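Structure at a glance
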Amino acid sequence: MLTIRHVLLPLGYFGIKEDGEVYARYVYTVSSSRTVSADELLEVVSLFHYMLELFADRIERVASGVLSPDEALQELG
C-alpha cells in the first residue's frame, strides 16, 4: 500500500526589479479547508527573517550596485 503524505513548505526567492530594487517573496500554501495556526505563521515569518539575515550583506551590496546579480550568484556557487 502506498501512502502519500502532504507536506506544506514555504517557497521563496529574492529578485531584482529593472530599476535595481531588490525584493523577497515567500509563498506558503494552505488548504482552504483549514486555517493557519499561529505557530505555523510564526515559523514561516521566522524563516523569512532568517533568510534576510543570512543574505543581508549580499542583498545590500546588490541593492547598492556594488555587486551585480551575476556576481552575487557566483559567490553562492
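Keep in mind that what you see is a predicted model, and the values were worked out from it rather than measured.

**Considering the overall build of the protein chain**
- A tally of helices and strands in the protein chain yields three helices and two strands.
- Secondary structure elements of the protein chain occur, N-terminal to C-terminal, as β-β-α-α-α.
- Every one of the 77 residues in the protein chain was classed for burial, and the buried ones make up 12%.
- Considering only intrachain contacts with a sequence separation of at least 6, the fraction spanning at least 24 residues in the protein chain is 30%.
- Total accessible area computed for the protein chain in this model is approximately 6500 Å², and 58% of it derives from carbon and sulfur atoms.

**Points about the pattern of salt bridges**
- Here the structure, examined in full by the defined rule, presents four salt bridges.
- The salt bridge involving R34 is made with E40; its shortest N-O contact spans 2.9 Å.
- Given the relative accessible area of 33%, R34 is considered partly exposed.
- In this structure, E75 and R61 form a salt bridge, with 2.8 Å as the shortest nitrogen-oxygen distance. A residue pair is termed long-range when its members are at least 10 positions apart, and E75 in helix α3 (residues 69-76) and R61 in helix α2 (residues 56-63) qualify at 14 residues.
- Residue classification places E75 among the partly exposed residues on the basis of a relative accessible area of 38%.
- Given the relative accessible area of 23%, R61 is considered partly exposed.

**What about the pairing of strand β2 (residues 22-27)?**
- Sheet topology note: the strand β1 (residues 11-16)/β2 ladder contains six bridges and is antiparallel. Bridged to G12 within β2 is Y26.
- The hairpin formed by β1 and β2 contains five residues between the paired strands, and G20 there has a positive phi angle of roughly 95°.

**A word on the packing of α2 against α3**
- Where α2 contacts α3, the two axes come as close as 9 Å, and the packing angle between them is 160°. Judged on the interaxial angle alone, α3 and α2 are roughly antiparallel. Crossing handedness for the pair α2 and α3: right-handed. Along its contact with α2, which presents R58, R61 and V62, the element α3 presents P69, A72, E75 and L76.
- Taken together, the residues of the contact of α2 with α3 sort by class into four nonpolar, no polar and three charged.

Thresholds, definitions, all that
- Residues numbered from 1 in each chain as written.
- Predicted model: local features only at pLDDT ≥ 70, side-chain atom pairs only at ≥ 80, totals over all residues.
- Heavy atoms only, no water.
- Helix = DSSP H or I, 4+ residues; strand = E, 2+ residues; numbered from the N terminus.
- Buried < 20%, exposed > 50% of the residue type's maximum accessible area, 1.4 Å probe, protein only.
- Contact = heavy atoms within 4.5 Å.
- Areas by Shrake-Rupley, 256 points an atom, 1.4 Å probe, with all protein chains shown as cover.
- Salt bridge = Lys/Arg side-chain N within 4 Å of Asp/Glu carboxyl O.
- Pairing = 2+ DSSP bridges.
- Axes fitted to C-alpha atoms, helices over the stretch in contact; angles between N-to-C directions.
- Parallel < 35°, antiparallel > 145°, perpendicular 65-115°, else oblique.
- Left-handed = near helix turned anticlockwise from the far one by under 90°.
- Nonpolar A, V, L, I, M, F, W, Y, C, P; charged D, E, K, R; others polar.

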